[in-house]
Structures are given as structure tokens and as C-alpha cells.
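# Structural characterization, general
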Amino acid sequence: MTQQTEFATRIDIPIERRRSLITMLNQQLADTFDLMSQSKQAHWNVKGPQFLELHELFDELATRLNGFVDLLAERITALGGMPLGTARMAAAASRIPEYPTDITDGLSHVAALADRFAAYAQTARQGIDFATELSDQATVDLMIEITRAIDKDLWFLEAHLQG
């Protein structure tokens, strides 16, 4: 994913660092948008005895991810970049594995989402390290906020698979 448009900003992070941060944030934006849509896919297609609980959980996950889509896009813009956030852009750039379309039972959806949330949490942690190396505390804070929430969401998913 390449950054093609830059806008002037008075943020005191050198342009080379901002470009690198924008690239990382656009990648995380693509992953977040994709994971949000996969959570909605599970929400729409879950079946079985835990239907209502999981239907609502998957919708909450998607809603939280949608908020992160907005926060990531706004940070990109604040750094002078252009968010690359259409569904097609996200699908082309996402590192999240494709969601299986041959499952309907609740625990299969939970397992599929848990795998994807774990992968996403890993890249978010890498984003913390990357932004730390580039001395951008605001992006570090954003990535910590995302990671904290995703770790909790992963815990909620994994709790359904334990016991």
C-alpha cells in the first residue's frame, strides 16, 4: 500500500517519519476494516443454541472495530496523509486471512474470529513498537488503545472455546 497524497501540517514530526507512520496506519486501517466486515459476516450468519448471545457479541465487536477505523483514518489525516479506506482498498491490502463462508455454527464462528483477532492484535502490537521507534507518542497511544480493546475482545471470544 503506498501513500500518494500528502497535505501540509504543522505537526513537528519530520516528513520521512510521517510518511512511514502513514503507511503503517493505512495498513492497520485496511486490516481493521477487513476484520470489522468479517465480524459482521459472523454476526449475520451465526446459527445454533447460542445464536442470540453470539449474534450480539459479533455485532459489538464490529461496532468497536468501526470506531477504530475512524480513529486510524483521523490519525492518518492529522499526520498529513490520506486514509486509504474503501472496502476495495481494504480487501486488496488486508493481512487478515479470508473469512470462511462454509460455517454457520456458533463455536466455529467464534474460533474463526478468535484466530483473526489474535493475528490483528499481533500487528497492532507491532504498530506500537514502530510508532515508538519513530517517537510518535500520539500514534503509540492510539495503538495501545486498540490493542487493549482487542485483547479484551479476544478474551471474550476465547472464553466461549474454553471449559
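Below or above, wherever it landed, is the structure these notes cover.

Rules used throughout
- Residues numbered from 1 in each chain as written.
- Predicted model: local features only at pLDDT ≥ 70, side-chain atom pairs only at ≥ 80, totals over all residues.
- Heavy atoms only, no water.
- Helix = DSSP H or I, 4+ residues; strand = E, 2+ residues; numbered from the N terminus.
- Rg over C-alpha atoms; globule rule 2.2 N^0.38 Å.
- Buried < 20%, exposed > 50% of the residue type's maximum accessible area, 1.4 Å probe, protein only.
- Contact = heavy atoms within 4.5 Å.
- Areas by Shrake-Rupley, 256 points an atom, 1.4 Å probe, with all protein chains shown as cover.
- Lys, Arg positive; Asp, Glu negative; His and termini not counted.
- Charge placed at Lys NZ, Arg CZ, Asp CG, Glu CD.
- Salt bridge = Lys/Arg side-chain N within 4 Å of Asp/Glu carboxyl O.

A tally of regular secondary structure across the protein chain gives five helices and zero strands. Reading the protein chain from its N terminus to its C terminus gives the helix and strand order α-α-α-α-α. Since a compact globule built from 163 residues should have a radius of gyration of about 15 Å, the 17 Å found for the protein chain is in line with a globular shape. With respect to the principal axes defined by its C-alpha atoms, the protein chain has extents near 55 × 30 × 20 Å. Looking at the protein chain as a whole, 44% of its 163 residues are labelled buried. Pairs at least 24 residues apart make up 79% of the contacts formed inside the protein chain by residues separated by at least 6 positions. Only carbon and sulfur atoms are counted for the fraction: they give 53% of the accessible area of the protein chain, which is about 8,600 Å². Side chains of the protein chain give 14 positive and 23 negative charges; the mean places of these two sets differ by 5 Å.

Tracing the backbone shows Asp136 in the loop between α4 (106-133) and α5 (137-161). Residue class for Asp136 comes out buried when judged on its relative accessible area of 3%. Here Asp136 is in contact with Ile13, Leu21, Arg75, Leu79 and Ala131, once residues within four sequence places are set aside.

Next up on the list: the pattern of salt bridges. By the definition in use, this model includes six salt bridges. The shortest N-O distance in the salt bridge between Lys40 and Asp59 comes to 2.6 Å. Remark: Asp59 occurs in helix α2 (residues 51-78) and Lys40 occurs in helix α1 (residues 15-45); sequence separation between them is 19 residues. One salt bridge connects Asp136 with Arg75, and the closest N-O pair in it is separated by 2.8 Å. Here Arg75 lies in helix α2 and Asp136 lies in the loop between α4 and α5, a separation of 61 residues in the sequence. Across the pair, Arg75 and Asp136 agree in class, each one buried.

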